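Reading the structure
Here is how the chains run, residue by residue.
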Amino acid sequence: MNQTVFPGPRTGSVRIPASKSQAHRLLICAALGAQPVMLQCDGVSADIAATARCLCALGADITDDGAGTFRIVPIAGEMPAHADMLCGESGSTLRFLLPVVGALGADVTFHMEGRLPERPLSPLDAVLTAHGMTIRRDGALLHVAGQLRPGAYELPGDVSSQYISGLLMALPRLPGESTLAVTGRLESAGYIAMTEDALRLSGIRLQKQERTYTIPGGQTVRLPAQSHVEGDWSNAAFFLALGVPVTGLDPESLQGDRVCVECFDALRRGPATLDIADCPDLGPVLFAFAAGHHGGVFRGTRRLRMKESDRGEAMSEELRKFGAEVTVDENTVTVGCALHAPTEPLDGHNDHRIVMALSVLCAQTGGTIRGAEAVSKSFPDFFDRLKDINIEMEIR
């Protein structure tokens, strides 16, 4: 789909859909629980649907009433002899559920799409195989079996917070006590805090001393029967960048991307140097915002290479079409501050956040984005929300 966005004034406000990050966690907690849960989730993206679909393959009964409420009946009884887990392009679904599958002792095949087969699983896969699981990759298929054992686990904190979150959700189910030590620099700490919060809400006991968790085994998840998913700060960032009022957000949220407000303020005042190691998903929209204002230097960008696209290189390629000079180094992206209508059609790089970031600039200059349908991964009605603030668009 080619989406043309026309420049013009923005009016009105936008209500932001449910947090994709929190929805993954609460769906998993509910499916591992002891009682049915009604989960209010305003807006179901492709990634959220992937997690629900995979949990159903494991034996949960999850229905969506089409009006923003999931009814989740937990996994019960014996595991199916084999389950096909259609996780699409969702890295969160794969990385969260891989340890959970081991805790359940399930035999499954994860089916991966897009760039997901290229995204790393190391060292999580090695840690899981050392504790009883078997994991075999066959192209876009990941064959998984075996029973995860309690014990001493260790993971680095600077590869993916999703590895840590997946283990934190899985280990309480094992029959004995486990420890999880997080080593080295910890990045995306806010996402781990979200997992801790979801587990506390579910009645799971964790002891944390500095960077080591002690996790009693044999615990049962008890998420409240009526629960809700808060608004998504990651998706709100695109509308905050456009300067429109946003509703549906918790100002005290643990979501790490809440820092976008401070980042935009810094970039409005002048050229800013920002470390985004703890909020890598903000990279594309911050690069776009910097190009439209005073430029900026962004550090901690190494992990942007491992997303749905190589986001540093993708944004560099597209921002140059607007006249902005961009330099991409090993762990730094430098963005210049020139901005005019793009000289040629823009490419969404099959990446939802690239498409939305480019839309922010096109709302100022005009432009056509190819592959705009990629927004369905996290924000299916993104362009409808742009229309709500009177931005004119046309599908070509």
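What you see is a predicted model; the values in this text were computed from it and never measured.

Moving on, we come to the environment of Gly-283. The topology assignment puts Gly-283 in helix H9 (residues 283–291). If near-sequence neighbours (up to four positions away) are discounted, Gly-283 is found in contact with Ile-276 and Leu-304.

Time to look at helix H5 (residues 161–170). Of all ten residues that make up H5, ten are buried, and the element is covered over most of its length. Those residues of H5 that sit buried are Ser-161, Gln-162, Tyr-163, Ile-164, Ser-165, Gly-166, Leu-167, Leu-168, Met-169 and Ala-170. With a side-chain oxygen positioned 3.1 Å from the backbone nitrogen of Gln-162, the residue opening H5 is Ser-160.

For the rest of this paragraph, the subject is unusual backbone geometry. In this chain, Ser-122 is followed by Pro-123 through a cis amide linkage whose omega measures 5°. Along the chain, Pro-123 falls in the loop between strand S7 (108–112) and helix H4 (124–130). Residue Glu-210 is not a glycine yet carries a positive backbone phi of 55°. Its location among the elements puts Glu-210 in the loop between strand S12 (207–209) and strand S13 (212–215). Residue classification places Glu-210 among the exposed positions, given a relative accessible area of 72%. Here Asn-350, not a glycine, exhibits a phi torsion of approximately 50°, which is positive. In this structure, Asn-350 sits in the loop between strand S20 (346–347) and helix H11 (352–365).

As a further point, take the pairing of strand S9 (residues 141–145). Along a regular strand, successive side chains alternate from one face of the sheet to the other. In terms of strand pairing, S7 meets S9 through four bridges, oriented antiparallel. The partner of Val-108 across the bridge, within S9, is Val-144. Following strand S8 (residues 134–138), the chain reverses through two residues before pairing antiparallel with S9; Gly-139 in that reversal takes a positive phi of roughly 65°.

An order of S20-S21-S1-S22 is seen for the four strands of this open sheet, with the pairing classed as mixed. Single-partner strands in this sheet number two, and they are S20 and strand S22 (393–395). The sheet contact formed by strand S1 (residues 2–5) and S22 spans three bridges and is antiparallel. Note on S22: the bridge partner recorded for Thr-4 is Glu-394. Contacts from H11 reach S1, S20 and strand S21 (367–370), with the element oriented near 165° to S21.

Here the focus is the environment of His-131. Structurally, His-131 can be placed in the loop between H4 and S8. Look at His-131 and you get buried, because its relative accessible area is 13%. A C-alpha to C-alpha distance of 5.3 Å links His-131 and Arg-149, two positions 18 residues apart in sequence. Apart from the residues within four sequence positions on either side, His-131 is in contact with Gln-147, Leu-148, Arg-149, Ala-152 and Tyr-153. Within the structure, His-131 has its side chain in polar contact with the backbone oxygen of Val-127 (distance 2.9 Å).

Take the environment of Glu-78 next. Tracing the chain through its elements places Glu-78 in the loop between strand S5 (69–73) and strand S6 (83–88). The class for Glu-78 is exposed, based on a relative accessible area of 76%.

Moving on, we come to the pairing of S1. Where S1 and S21 come together, four bridges link them in antiparallel fashion. Each residue of the ladder has a partner; that of Asn-2, found in S21, is Arg-370.

Running from amino to carboxyl end, helix H8 (residues 260–269) crosses H9 at an angle of 20°, the nearest separation of the two axes being 10 Å. When the axes of H8 and H9 are compared, the pair comes out roughly parallel. Note on packing geometry: the crossing formed by H8 with H9 is right-handed. On the side of H8, the interface is formed by Cys-263, Phe-264, Leu-267 and Arg-268, while H9 contributes Val-285, Leu-286, Phe-289 and Ala-290. Looking at the contact of H8 with H9 residue by residue, the class counts come to seven nonpolar, no polar and one charged.

Hydrogen bonds between backbone atoms are what pair the strands of a sheet, whose relative direction is either parallel or antiparallel. Pairing in this open sheet of four strands is mixed, and the strands run S4-S5-S3-S14 from one edge to the other. For this open sheet the edge positions go to strand S4 (61–64) and strand S14 (226–228), each flanked by a neighbour on one side alone. Geometrically, the sheet is characterised by an average inter-axis angle of 20° between neighbouring strands, direction not taken into account. Where strand S3 (residues 37–40) meets S5, four bridges bridge the pair, whose relative direction is antiparallel. The residue of S5 that forms the bridge with Met-38 is Arg-71.

Before going further, it helps to spend a moment on the pattern of salt bridges. This model, assessed by the stated rule, comprises 20 salt bridges. The partner of Glu-308 in a salt bridge is Arg-119, and the shortest N-O contact between them spans 3.9 Å. Note that Glu-308 is positioned in the loop between strand S17 (296–299) and helix H10 (311–320) and Arg-119 in the loop between S7 and H4, a separation of 189 residues in sequence. Residue classification places Glu-308 among the buried residues on the basis of a relative accessible area of 8%. One salt-bridge network, held together by shared partners, links Lys-20, Asp-47, Arg-119, Asp-281, Lys-307, Glu-308, Arg-311, Asp-351, Arg-353 and Lys-377.

For the rest of this paragraph, the subject is the packing of aromatic side chains. If you walk through the whole model with that rule in mind, you get seven aromatic pairs. Centroid distance Phe-264 to Phe-289: 4.7 Å. Interplanar angle 40°. Geometry classified as tilted. Placement of Phe-264 in helix H8 and of Phe-289 in helix H9 is noted, with a sequence separation of 25 residues between them. Each of the two residues, Phe-264 as well as Phe-289, counts as buried. Taken together, the aromatic side chains of Phe-238, Phe-239, Phe-379, Phe-382 and Phe-383 make up a single cluster linked through ring pairs.

So, how was this worked out
Residues numbered from 1 in each chain as written. Predicted model: local features only at pLDDT ≥ 70, side-chain atom pairs only at ≥ 80, totals over all residues. Heavy atoms only, no water. Helix = DSSP H or I, 4+ residues; strand = E, 2+ residues; numbered from the N terminus. Contact = heavy atoms within 4.5 Å. Buried < 20%, exposed > 50% of the residue type's maximum accessible area, 1.4 Å probe, protein only. Polar contact = N/O pair within 3.5 Å; in protein donor to acceptor, adjacent residues only side chain to side chain. Pairing = 2+ DSSP bridges. Axes fitted to C-alpha atoms, helices over the stretch in contact; angles between N-to-C directions. Parallel < 35°, antiparallel > 145°, perpendicular 65-115°, else oblique. Left-handed = near helix turned anticlockwise from the far one by under 90°. Nonpolar A, V, L, I, M, F, W, Y, C, P; charged D, E, K, R; others polar. Salt bridge = Lys/Arg side-chain N within 4 Å of Asp/Glu carboxyl O. Phe/Tyr/Trp six-rings, centres within 6.5 Å; stacked < 30°, edge-to-face > 60°.

Any functional reading would require information that these geometric values do not contain.
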